[in-house]
Amino acid sequence: MEIAWKPYFDKFESLMGAGLPMNGIFSDHEGDYGYKMAWSDDFRDLFQCKYGEDIRRILPLLIDRDIQGKDVVWRYRWFDTASDIYSELFHKLSDEAAKHGVYFTMHTWEESLQLQASCVGDVYKLNRGVSLPGTDALCCVAHNPQNFKDHYSIAEFEGVRFMNEVMALNGPDRYTPEELKKQGNCLAAYGVSHVVNHAVKMTREYAQSSVPPDFYNIDPCWQAMGQYTDFIRRISYVNSLGRAHAEVLVLNPMDSMYALAENDVFDMNFEMLAEKGGIPKINASFGGEAGEINRQYGELIRILTRQRVEHLTADKEYMRRMEVCGERLRYKEYAFHTVVVPRMTMIDLVSAEKLTRFAQNGGEIYWIGNPPTATLQNGRNDPALASCMDLLAQCGNVHFLKAPAELDLRYSVQVLDGADDLLCHWRVIDGRHFLFLCHNVGESAKATVYLPGVTGRAMLLDPATGERAIPEAREEKDGLCVCLEFAPYGAWYLVITPGQEGEAWPKTTLVRRIPLGAFTAEIERGNTEKLVTHKMNPIRTSKMRLILRKGCFDDPTHPDVAEILLCRDGEIVLQRDIQQEFTVVFDEVKAIELEFSEQEIDEIRIISEKGLTSYRMEAWERAWWHTVAELDTYSQSELINPVAYPAGTYDVSLTDWSEWEMLSRLFAGVVQYRTAVTLTEADLDHHVKLNLTLGSGSVGVTVNGQDLGCKLFAPFTFDIGRHLRAGENVI
């Protein structure tokens, strides 16, 4: 806090707080509480205070077993103490941020239960004490609900927002509108209400760069990214309101990880550092039973998500806070009628006794795998736990399953016909039901969904555009049936207002389809030359020089520079064809100086025929040369080689350019498709829409020279009627 935070607090205090520019602090924290057997001077004192025992006396039980079966108890207590000390550090950060009116959010490790135990300790305890619990989602992890569910549940129980850092280290090939939409849909379905788009790795390291190197100056999708941020704002806002409509609770089996953390986990000869195996080695150190518990827990969450069963998870602390009220397990505004207990070897005895009362009152329990025999309080073969399990076995509403795949709960949202692979998230906001429903597949689909126990007026909200619609809906039995149509990767918020009459569905009649003429595709300039663009803060100068080094790939000679353009606010202020000879400074380096009348410059463009491997652009300021632009791409030959394709006009069908054999996958820029359609005066009397079935990328449309804007996501449908005329229309 003293080193990293205080300078900001001192200088920018007036800008900090809710509604002000600096209203939060984000920490990307992937450290740990200490390698193997962590230690600190206050560890012994806290352990003595909590458990009345000198930790030095019981240290052997971290790696061995005792005849009384108490080793699992002391192992749990060691992790519990480490978690207390580690969590307190983050809670202090959150408290300090709150003093300045800002929130504190962060993530640690969540990839596996074993990794959490060995690096974080108690994830629930740590996240309960920060302003916004959070996770990260490297690469395509956003598609896996296991990485979200525990932290999301903490946020729900604590009544705060849930942060996720997303789209990290995908590599530029995956940073597409389609993947942005797919992962955004997942965030909406998993309850994320505060999105941090990964912002590091803005480099030319191709494999891990978050975005393509040409993203900001060539790729047309960047111009439409406001539509993505609007989409993220809408889903974050809805997820920040009300509460989840969750009536199923899943117990988190982390305590079993502590019990199974023996042998290799604390053995200094079994290295688990990143350079010695990393996460897989850490997982393996806990043994096969821990691996199976982790695997089944992840499978269970994925099955419940796939079955569209709205659920939360709870640790022993939340279980202790809950009350048995008839056939429900209640905490705050949540009332659970079903509890799912995953595979585990050790359980909190207080939780086991509460589950027993819950079942005896009529609550439903699904117990997966062999019941545990150890408790946190008494260790292995606890007779009190055995008594609870005997009572549970006598209840007809307790179901013992061998594996998560046997679980088949009543779906929160049922699909009667059509696409059955919908993602769903159900919230209740001010008495209204908000259901996020998504078909996260790259093709259009229809589905009829049934919402049991809900009736009222139905409305649709498109989270990508904000547009509203009235769906075809009808009451059936004690619920509501709604017919939905989805665009590729399409999503809707289905909003149900109980107690209000449903609006009549506006039936529309398709008069006729007007076929478009043949298309041509135009590529204005072939990319046979390599264009490199650098933007910078404005400088005023009358002299610049370009310094080049030899390449180190197939052609070790100096690259040829064909043209240099200097710009201000996008306008070219100097264009210089390079005809003069470079001055050879020494064998590896050559330079050329450009002199001109004094200009203000904020952009440099360099065109070369072979592509640049390394260069530096310097400006003469204050009687000295100062570097203003630099590039070194020795490690990325594929980026600096020119991407060749012929400029011209081609007859094509309306398909994605990536399907053409003439264009490389590294093509960046715009392909302009052009067609014409002839209409009559009678055609103009109808509402006319242009529906393009392109599969990817952003799409912009002009009709008769009028710009209709650009869309980042499907459906690529445009209202074009008011721009049409009788006769030929150019699209």
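Throughout, residues of each chain are indexed from 1 in the direction in which the sequence is written. Where totals are concerned, whole chains, interfaces and linings use all residues; where local detail is concerned, this predicted model gives features only for residues with pLDDT of at least 70, and gives and counts side-chain atom pairs only at 80 or more. For side-chain calculations, the full set of non-hydrogen atoms in the structure is used, while hydrogens and water are omitted.

To summarise the sheet geometry, strands pair through backbone hydrogen bonds and adopt either a parallel or an antiparallel arrangement. Strand order in the open sheet formed by 6 strands is β6-β18-β19-β25-β21-β22, and the pairing between neighbours is antiparallel. At either margin of the open sheet sits one strand with a lone partner, and together these are β6 (243–244) and β22 (468–469). Relative to β22, strand β21 (residues 457–461) runs antiparallel, the two sharing 2 bridges. In the strand pairing of β22, Leu460 is matched with Ala469. Contacts were defined at the residue level, with two residues in contact if any of their heavy atoms lie within 4.5 Å. Axis definition: a line fitted to C-alpha atoms, limited for helices to the stretch in contact. Angles are taken between N-to-C directions and run from 0 to 180 degrees. Working definition: helices are DSSP H or I runs of at least four residues, strands are E runs of at least two. Numbering for both runs from the N terminus. Against the sheet, helix α8 (residues 177–189) touches β18 (423–429), β19 (432–439) and β25 (490–497), its axis set at about 45 degrees to β18. By the convention used here, strands pair only if DSSP detects at least 2 bridges between them.

What follows deals with the packing of aromatic side chains. By convention, a stacked pair of Phe, Tyr or Trp rings (six-membered ring in the case of Trp) has centres within 6.5 Å and planes under 30 degrees apart, an edge-to-face pair has planes over 60 apart, and any other such pair is tilted. Following the criterion strictly, the structure yields 27 aromatic pairs and no others. For the pair Trp39 and Phe43, a centre-to-centre distance of 5.8 Å together with 25 degrees between the ring planes defines the contact as stacked. Under the scheme applied here, a residue whose accessible area is under 20% of the maximum for its type counts as buried, over 50% as exposed, and between as partly exposed, the area being computed with a 1.4 Å probe on protein chains only. Judged by relative accessible area, Phe43 falls into the buried class, the value being 2%. Note that Arg77 overlies the ring of Trp74, its terminal NZ or CZ placed 4.7 Å from the centroid. Across the ring face of Phe713, the terminal group of Lys181 is positioned such that the distance to the ring centre comes to 5.8 Å. Two limits define a charge over a ring: the Lys NZ or Arg CZ must be within 6 Å of the ring centre, and within 35 degrees of the ring normal.

Spatially, 3 strands are ordered β9-β10-β11 in an open sheet, and the strand pairing comes out antiparallel. Looking along the sheet, the strands with just one partner apiece sit at the ends: β9 (323–325) and β11 (334–336). On average, adjacent strands in this sheet sit at an angle of 35 degrees to one another, irrespective of strand direction. As defined by bridge partners, β9 adjoins strand β10 (residues 328–331) across 3 bridges and the pair is classed as antiparallel. By the bridge assignment, Glu323 is partnered in β10 with Arg330.

As a further point, take the packing of helix α7 (residues 146–158) against helix α12 (residues 288–306). Interaxial distance between α7 and α12 falls to 9 Å at its minimum, and their mutual angle equals 80 degrees. One element, α7, and the other, α12, form an angle in the roughly perpendicular class. Together, Gln146, Lys149 and Asp150 of α7 and Asn294, Tyr297, Gly298, Ile301 and Arg302 of α12 make up the contact between the two elements. Here is the rule for angles: anything less than 35 degrees is roughly parallel, anything more than 145 is roughly antiparallel, 65 through 115 is roughly perpendicular, and the remaining ranges are oblique.

For the pair helix α2 (residues 41–51) and helix α4 (residues 71–99), the least separation of the axes is 10 Å and the interaxial angle reads 120 degrees. Here α4 runs oblique to α2, going by the angle between their axes. Crossing of α2 against α4: the hand is right-handed. On α4, the residues touching Asp42, Phe43, Leu46, Phe47, Lys50 and Tyr51 of α2 are Trp74, Tyr76, Arg77, Trp78, Asp80, Thr81, Ala82, Asp84 and Ile85. Gly is put with the polar residues, along with every residue not named as nonpolar or charged; the nonpolar set is Ala, Val, Leu, Ile, Met, Phe, Trp, Tyr, Cys and Pro, and the charged set is Asp, Glu, Lys and Arg. Taken together, the residues of the contact of α2 with α4 break down into 9 nonpolar, 1 polar and 5 charged. Left-handed describes a crossing in which the near helix is turned anticlockwise from the far one by less than a right angle; the clockwise case is right-handed.

Along strand β8 (residues 311–314), one buried face is formed by His311 and Thr313 and the opposite face, lined by Leu312 and Ala314, is buried too. Across 4 bridges, strand β7 (residues 248–251) lies against β8 in parallel orientation. Paired with Leu251 across the strands is Ala314, a residue of β8.

Before going further, it helps to spend a moment on the pattern of salt bridges. Any carboxyl oxygen of Asp or Glu within 4 Å of a side-chain nitrogen of Lys or Arg constitutes a salt bridge here. Applying the stated rule across the entire model yields 32 salt bridges. In this structure, the salt-bridge partner of Glu317 is Arg321, at a minimum N-O distance of 3.1 Å. Here Glu317 and its partner Arg321 are both found in helix α13 (residues 316–321), 4 residues apart, which amounts to about one turn of the helix. Looking at Arg321, the relative accessible area reads 34%, which means it is partly exposed. Bridged by salt links that share partners, the residues Lys50, Asp80, Asp84 and Lys125 form one connected network.

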